[in-house]
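Survey of secondary and tertiary structure
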Amino acid sequence: MRRTRLIENREVFLAYVLANCKFSTIEGLHRRFPLVWKQRDQYKYYKHVCLERPSLKEEYKLKCAYCLFEASKEDSIIFNVLFEELYKQYGALYKQLKKYYGRSKLISDTGLEVLMKDEELINQSDLMDVSIFDFFLEKLEVQYDETTFFNQLKVTYDGIQRKILDFELDIDELNYQYFKYQLTKPNSITFKRVKHFYRSYSDYLGQNVVDVLNDKLERCYQEEKLSSHIQWMRDLGLIDQHTVYRLTTADVYQLMTLLLCTDGDNLIEEEGASIEIGDLVLPISELEAFEELLNELLPYFVMSQVMKENREFFFRSYTLKDQMISKQLEKEVELLKRDLKSVKETNKLLKLSLSEEKLNQEKMYKLQLKQLRSNLMTTMHEKERLEKELENLKERCAQLESIIKEPSEAEEQVYEMTLEQSVDVSEINKAEIMIVGGATPTIQKLKRILPNCKYFEVDKKYNDQYFQGVKFAILLTNILNHSMTKKLDKHCPKAKKKSVTVTNVDLIIEEIVKFI
C-alpha cells in the first residue's frame, strides 16, 4: 500500500470529513477499535491546533477520527472501514478515479493535470477535498509519476499548510487571540487600557470586580435549579460543590477583552444620561448593555476555562464509557488482585529469610572484623620495616647517582659500533616493526640505531595510514597508556605483540631480535 502523502498532515483534514458523520458512527468505530484511542498520544498531530474545539464533544469526535486515520496507515482492516465511510459521502469521486486509473495504477502529468482542473472532482483551495482525493488513490494503489507538474502542485499545497493556524477562525476570534497575547505584556497599550478600565470600574462598583463576579458565580453554584452548562460540568465531574472555579484578575482582564472583541457591536451608543467611571464618560444605556453582556458571558467563560484545564479528564471519561474497555479493565483488576495476594505471600517468606540472613551476616561480620584487626597489626609492622628499608635505598641511590655519569658522544659512538658488531641490526631495521611507548631519551637512541622502524610515541598524533604494514609491535611498558594499546589493536589487529619491561637500549634490541 502506497505511503506517500500529497499533504503531510492529511489525516487531520480527513478527520474533519469523518466527523461530519453522526456521533454514534464515531462511537461505533471507537468500540470496534478501542486500542486506537488508547494509543492516541503516540500520533504526531494528535495535539494539532485544528483539532482543538471549544466544545469538548466535537473535539473528541475530531481527535477520535484523526486517530483512526493514523492507525489505518499500518492496519488494512481499519483502512477499509474508513474507506467505506468516506465512500458513502464521496462515492461519485471514487468511481470517477477508478474509471480513470483503475487499471493503469499510474498517474502521468497529463492525466493528473486534467483531473485537478476538473472542478467537479476537486477544488484546489480545499485541503479536505485534496485529502480525500489522495486517500482514494491510495485505496486504488495508484502511484504518482514524480513529474514537474506534480512537484509544483505539492509545493502549492505545502504553502497552504503554512496558513493552517487560520483554519476556521473568524475575525473576532483572531482579534481576541491578539489582544489576549497583548495582555501578557505589562507594558503594552492594551494591558494598560484594560487595567485602567478595571480599576475605574472597581471604584464605580465600590469593590473589586473580581470579588463581584466570584460572588455571582457562587450564587450560580448554590442555586437549586442549576443552569444547563453548570449542571453539565458537574455531571462530568469537572466541578463539584466543594471545588469550584474562582476567577482571578487575569481572568477578568481576558473576560473584558473577549467581551469587547466579540460583542462590541451590541454596545450601541444612544443619546441620554451619562455616567462617569474614573476619567471615562459613558452613556448609561451603554454601561447597562456592558454589564448585561458581562453577566451573560461570565458562566460561558468559566466553562471554557474549566474545559481547557480538564480536557484530558474529559477524554478519559469517554474512554471509560466504552464497555469493551471497561471489561478489559475489570480483568486487569482481577489479575492485579491475584498478583497482590502472591506478592504478600512472597513478602512473608522474604521477611523470614531476611531474619535468618541477618543473623548469618552478623556472625560473618564479627569473624571478618577479627581477621581484619589481625591483618592491620601485621600491616603496621610491615610498614615500619619497609620505611627503614626505603631510607637505606635512598642513601644508596644518592651514592649511585654521584657515581653514574652521562656517556659522552664518543662513548655513544663506540657503543653503537659495538652493538652493530654483536647484533645484525639490519634484520630488525624494518618499517614492519613498530616500537610503542617508551621514554623520549630511549626512543631517540633507538631512532639512531633503527631509523627505518616505526615509532608510536606518547602525546603524538598519527593518522590511520601510519599503521599500515605493521606486523610486529614492541610495547615499552615503562611509559605506555591504555589509549595507545587500544588504537594499536584497532589498526593492527593481526600484528604480533611483545611487552618489554627493560629500559636499557641494548637489552631492548636483544629482545627485539629474539622476538623477530
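Structure's up top.
Residues numbered from 1 in each chain as written. Predicted model: local features only at pLDDT ≥ 70, side-chain atom pairs only at ≥ 80, totals over all residues. Heavy atoms only, no water.

Attention now moves to the side chain of N429. Mapped onto the fold, N429 is located in the loop between α17 (409–422) and β5 (433–437). Judged by relative accessible area, which is 17%, N429 ranks as buried. Among all residues touching N429, those that are not within four sequence positions of it are L450, P451, N452 and C453. (Helix = DSSP H or I, 4+ residues; strand = E, 2+ residues; numbered from the N terminus. Buried < 20%, exposed > 50% of the residue type's maximum accessible area, 1.4 Å probe, protein only. Contact = heavy atoms within 4.5 Å.)

Attention shifts here to the sheet that holds β5. Strand order in this open sheet of 4 strands is β6-β5-β7-β8, and the pairing throughout is parallel. Single-partner strands in this sheet number two, and they are β6 (454–456) and β8 (496–500). The mean angle between the axes of side-by-side strands here comes to 20 degrees, regardless of whether they run parallel or antiparallel. Bridging between β5 and β6 involves 3 bridges; their strand directions are parallel. (Pairing = 2+ DSSP bridges. Axes fitted to C-alpha atoms, helices over the stretch in contact; angles between N-to-C directions.)

As a further point, take the packing of helix α10 (residues 189–205) against helix α11 (residues 209–222). Two elements in contact, α10 and α11, have axes separated by 9 Å at closest approach and are oriented at 65 degrees. The angle between α10 and α11 places the two elements in the roughly perpendicular class. Residues Y198, Y201, S202 and L205 of α10 lie in contact with α11, whose contacting residues are V209, V210 and V212. Along the lines of polarity and charge, the residues of the contact of α10 with α11 split into 6 nonpolar, 1 polar and no charged. (Parallel < 35°, antiparallel > 145°, perpendicular 65-115°, else oblique. Nonpolar A, V, L, I, M, F, W, Y, C, P; charged D, E, K, R; others polar.)

Looking at the element boundaries, F456 is found in strand β6. The spacing of F456 and M484 is 28 residues in sequence and 8.1 Å in space, taken between C-alpha atoms. With residues near it in sequence (within four places) discarded, F456 still touches M434, I435, V436, G437, Y462, F467, M484 and K487.

Right, let's get into the packing of aromatic side chains. Across all of its chains, the model carries 19 aromatic pairs by this definition. A centroid spacing of 5.8 Å and a plane angle of 90 degrees characterise the contact between F191 and Y253, whose relative ring orientation is edge-to-face. Remark: Y253 occurs in helix α13 (residues 249–262) and F191 occurs in helix α10; sequence separation between them is 62 residues. Under the relative-accessibility criterion, F191 is labelled buried at 15%. For the ring pair Y462 and Y466, a centre distance of 4.7 Å and an interplane angle of 25 degrees mean the geometry is stacked. Overall, Y466 belongs to the partly exposed group, its relative accessible area being 24%. Through pairs of rings, three or more aromatic residues link up here, namely F83, Y87, Y94 and F136. The ring of W37 carries R40 above its face, with NZ or CZ at 4.4 Å from the centroid. For K139, the ring lying beneath its charged end belongs to F83, and the centroid distance is 5.0 Å. (Phe/Tyr/Trp six-rings, centres within 6.5 Å; stacked < 30°, edge-to-face > 60°. Lys NZ or Arg CZ within 6 Å of the ring centre and 35° of its normal.)

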